[in-house]
Amino acid sequence: MLRAVILDMDGTLLDTEIIHYYVIHDILKRELGLDLSMTDYLKYCGIPDQIMWPMILEELDSAPVLSLAEKWGMKAEMSGSNAGTGSSAEAAEGTAGAVEELPEEVLHALSAELERLHWEEYDEYIEKNGVEGFPGIKEFLMSLRKAGLRLAVATGSLNRIVRKNLEMLDIEDLIEVAATSEDCEKGKPAPDVFLHAAEKLGVDPGDCLVIEDAGNGLLGARRAGMACAGFDGSELPSDMTLAPVVFSDYRKLGPEDLQECYNLQKK
């Protein structure tokens, strides 16, 4: 039976996924010359930074990556015969797609710095422009709690961001549990963060329904053995391929709709 609802945060509780896209797009354009489209960004939605940034770097040619490492004062010698033969940028010439040849510590250091920039510039954006929850989200969550359903958040974001957002939306008393990328070794689309949320709630995964705005999250929910529903109310395009039910307005949604969605998938 349906006992708990587990919600993603960015793009599900509040329209912050589009802000992450703008910030990440600007960083990639400025630092690596990459013009990341909204469509291309979809494959990274919901994935924690510590996984996302290495993925992005490994898909690039080595020249811009090495140039960035030099710009940031990191040792970025090419391995093998290229090591020590001039600047790393020179060593990278003619080695398109060879980022995997870079020392692991260089990719790790670059990823860590890109992650730091991401959250620094995200915080600056929020402080300057603010952000609001999706219309009707608090009332919707209140209706779920009134119906006896347990509530949790499962996100690839950081603990401090979750606390800040729940407080800003005035729903910290409604959400019993928050599971984040800092709680699990593997992020979405692995099922870990959803399973961790269910464990903290004390609810069997099979008795949970996940609400997600991204394909990676929906896949993670399915891998966790949970029912799921898609939310596409964000400005960012959504990959709802794995969602058996999709909705876009919390003001038109109630616990009975989630129960029907759950029953549909548990037949």
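The rules behind the values
Residues numbered from 1 in each chain as written. Predicted model: local features only at pLDDT ≥ 70, side-chain atom pairs only at ≥ 80, totals over all residues. Heavy atoms only, no water. pLDDT = per-residue confidence, 0-100. Contact = heavy atoms within 4.5 Å. Salt bridge = Lys/Arg side-chain N within 4 Å of Asp/Glu carboxyl O. Helix = DSSP H or I, 4+ residues; strand = E, 2+ residues; numbered from the N terminus. Buried < 20%, exposed > 50% of the residue type's maximum accessible area, 1.4 Å probe, protein only. Pairing = 2+ DSSP bridges.

Trainee: Would you take a moment to explain the confidence of the model for the protein for this structure?
Mentor: Note: predicted coordinates in regions of low pLDDT should not be interpreted at a detailed level. Looking at the protein as a whole, the pLDDT averages 89, with 90% of positions reaching at least 70. In this model, residues 76-96 is a region of pLDDT below 50 whose contacts with residues beyond four sequence positions or in other chains number 29 contacts.

Trainee: Even after reading the chapter, I still don't get the pattern of salt bridges, so can you show me in this structure?
Mentor: A side chain with one charge may pair with a side chain of the opposite charge, provided their charged atoms come close. Inspection of every chain in the model, using the stated rule, returns 12 salt bridges. As a salt-bridge pair, E121 and R30 come within 2.8 Å of each other at their nearest N and O atoms. A residue pair is termed long-range when its members are at least 10 positions apart, and E121 in helix α6 (residues 104-129) and R30 in helix α1 (residues 17-32) qualify at 91 residues. Linking E31 and K71 is a salt bridge whose minimum nitrogen-to-oxygen distance equals 2.7 Å. You can see E31 sitting in helix α1 and its partner K71 sitting in helix α4 (residues 62-71), a full 40 residues away along the chain. For E31, a relative accessible area of 15% translates into the label buried. On the basis of relative accessibility, which here comes to 55%, the residue K71 falls in the exposed class. Each member of the salt-bridge network shares a partner with another, and the members are R30, E31, K71 and E121.

Trainee: Teacher, can you tell me more about the sheet that holds strand β4 (residues 208-212) here?
Mentor: Consider a sheet: its strands pair through backbone hydrogen bonds, and that pairing is either parallel or antiparallel. Pairing is parallel across the open sheet formed by six strands, whose spatial order is β3-β2-β1-β4-β5-β6. Across the chains shown, the open sheet's two edge strands, defined by having one partner strand only, are β3 (177-179) and β6 (246-247). Sheet topology places strand β5 (residues 227-231) next to β6; two bridges connect them, and they run parallel. Across the sheet, residue G230 finds its bridge partner in β6, namely V246.

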